[in-house]
2 protein chains.
Amino acid sequence: MNFCQRVRSVQRKNRSLVCVGLDTDLNRIPPFLRTHENPIFEFNRRIIEATKDLVCAYKLNLAFYEALAENAWYTVHQTLAAIPEEIITIGDAKRGDIGNSSEMYAKHLIDDYEFTSTTVNPYMGFDSVAPFLKNPRQGAFILAVTSNPGAKDFQYLPVRGRPLYEHVVRKARKWNTGKNCGLVVGATRPAEIQRVRKLAPELPLLIPGVGAQGGDLKAAVRYGCDDKGYLAIINVSRSVIYASQREDFADAARSATLALRNEINTYRGEFFATRR
Amino acid sequence: MNFCQRVRSVQRKNRSLVCVGLDTDLNRIPPFLRTHENPIFEFNRRIIEATKDLVCAYKLNLAFYEALAENAWYTVHQTLAAIPEEIITIGDAKRGDIGNSSEMYAKHLIDDYEFTSTTVNPYMGFDSVAPFLKNPRQGAFILAVTSNPGAKDFQYLPVRGRPLYEHVVRKARKWNTGKNCGLVVGATRPAEIQRVRKLAPELPLLIPGVGAQGGDLKAAVRYGCDDKGYLAIINVSRSVIYASQREDFADAARSATLALRNEINTYRGEFFATRR
């Protein structure tokens, strides 16, 4: 299966478009876990155990793991080992460098860690992205429109009558020869999700920004899905993983994930009649 | 001293615009070092020892260090500890993420590793760059025009009659309130170096791409320096650090660095009469 088929397959199996973002911060996990040998891994393990039948993906923001310094590598490795094979893993690293350096980043994220996919910054162009797209089974989500305020600085600049991000989307479609290219579009940008989906009907869209960042869930589902109600990957981090600060945090994360999955599936039922 | 002053100060002290890129690859270091406990660090240590009076900066490409997995953190840490305080260190990481994630990256690179500066990707805009500019003593080099072929995909797209990269340069100047913002412009792009220097007369320019990538050294000096013959930071990696594969590799690196420094200073003498 190519990456796009893998996304569809796990979304069908778990009836879920939910991606849980494991942006795990030592200062925010339940205090009772802090005495554990590796508190971050222990936290992740329990969240995964409690939610793995309800999600299509887990996303690890590498910024949070690099901050662990000498424990970074082990923690990411162990966390990924706790995730079932069929679930998509996203190394949210937003890398991009000249060809031989991007090769090194890709080797680390894809061959060593074995992430199913990564996020990639498009600014340096094709040779910076290509190493992340080498294996059709493994995907790359290219930043198109991000959820943060700074998105307005460059992503919307007018180029030949269209915003810059549309040029990124067009290139990404060209780079999709292995059917393993996706795009990142923030849930805080519903009009742009609609536009990107129109320009790229067949690409998986990673949609962060629901929850703490205040993105519009209903619009993310309505505009982010393909015409069958799949291929939107809707990420939530803080509002799920920090749903409780007590011993019951994993149960609370499960309840929050379940509620989100159900709300999304209600919208899918509403907008996509052909959905099974 | 703010970051810009620090660059000028060490360039004056060592009479050098040379930055040595420690893109150290286990497969390319002299074979006799491979039995060492930490071959990468030992290689870096000897290169630094042999060249530290001849350079203004060392640049560590994080792609090469992340590939070391569980040894990454220690190797970067030890390497930085071997570099004299007044020499600029550049964490070439090309990061950029939403505000709170960029904070985590900046914390890791600047507070934990204590890099003097980093490279940052501008695509996500101001809040993704700001955490790297917090402390005026520490700088950020924002990607403007990169040395790789993919630079043509987006960086030259016409926005209101000017290429995209010029908009990046204009924003960087606005973000330079702490006098700690720099720009990256590839040595393979002499016309763009000239243009960027014209638009940003007071910003340090990190210029990679001389050596293995075939950039034009004379043009990099002529167009990259400010009007006094400073603030161009000219990076060479492979052609210096792999100058020899034998026991004499550090001496060979010294000779290559010295030749480069002298060639650069000859051009500085030619183009900048006021240079001391």
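Just so it is clear, the model here is predicted, and its values are computed rather than measured. (Residues numbered from 1 in each chain as written. Chains lettered and ligands numbered in written order. Predicted model: local features only at pLDDT ≥ 70, side-chain atom pairs only at ≥ 80, totals over all residues. Heavy atoms only, no water.)

All names here are of chain A. If you walk around this closed barrel you meet the eight strands as β1-β2-β3-β4-β5-β8-β9-β10, and the pairing is parallel. The mean angle between the axes of side-by-side strands here comes to 30°, regardless of whether they run parallel or antiparallel. Judged from the three bridges that link them, strand β1 (residues 18–21) and strand β2 (residues 57–61) form a sheet pairing that is parallel. By the bridge assignment for β2, Cys19 is matched with Ala57. Lying on the sheet, helix α12 (residues 249–271) is in contact with β1 and β10 (232–236); it crosses β1 at an angle near 150°. (Pairing = 2+ DSSP bridges. Helix = DSSP H or I, 4+ residues; strand = E, 2+ residues; numbered from the N terminus. Axes fitted to C-alpha atoms, helices over the stretch in contact; angles between N-to-C directions. Contact = heavy atoms within 4.5 Å.)

All names here are of chain A. Both faces of strand β4 (residues 117–120) are covered, namely the face carrying Ser117 and Thr119 and the face carrying Thr118 and Val120. As judged from the three bridges shared by strand β3 (residues 88–95) and β4, these two strands associate in the parallel manner. When the bridges of β4 are listed, Ile90 appears paired with Ser117. Considered for its hand, the β-α-β crossover made up of β3, helix α5 (residues 99–112) and β4 is right-handed. Inspection of the sheet shows β4 paired to strand β5 (residues 139–145) by four bridges, in the parallel sense. Residue Val120 lies in a different strand from β5, and its bridge partner there is Ile142. (Buried < 20%, exposed > 50% of the residue type's maximum accessible area, 1.4 Å probe, protein only. Right-handed = clockwise from strand over helix to strand, strands pointing away.)

A word on the pairing of β3(A). Residues and elements named next belong to chain A. β3 sits mainly inside the fold: eight of its eight residues count as buried. Burial along β3 is two-sided: Ile88, Ile90, Asp92 and Lys94 facing one way and Thr89, Gly91, Ala93 and Arg95 facing the other are all buried. Bridging between β2 and β3 involves five bridges; their strand directions are parallel. Residue pairing for β3: Tyr58 is matched across the bridge by Thr89.

Below, the discussion takes up the side chain of Ser102(B). Residues and elements named next belong to chain B. If you trace the backbone, Ser102 turns up in helix α5 (residues 99–112). A residue is classified by how much of its surface remains accessible, and Ser102, at 0% relative accessible area, is buried. At 3.0 Å, the side chain of Ser102 forms a polar contact with the backbone nitrogen of Asp97. With residues near it in sequence (within four places) discarded, Ser102 still touches Gly96, Asp97, Asp127, Ser128, Pro131 and Phe132. (Polar contact = N/O pair within 3.5 Å; in protein donor to acceptor, adjacent residues only side chain to side chain.)

Right, let's get into the confidence of the model for chain A. On average, residues of chain A score 96 in pLDDT, and 99% of them are at 70 or above. On the interface metric, ipTM, the complex scores 0.96, and its pTM is 0.97. (pLDDT = per-residue confidence, 0-100.)

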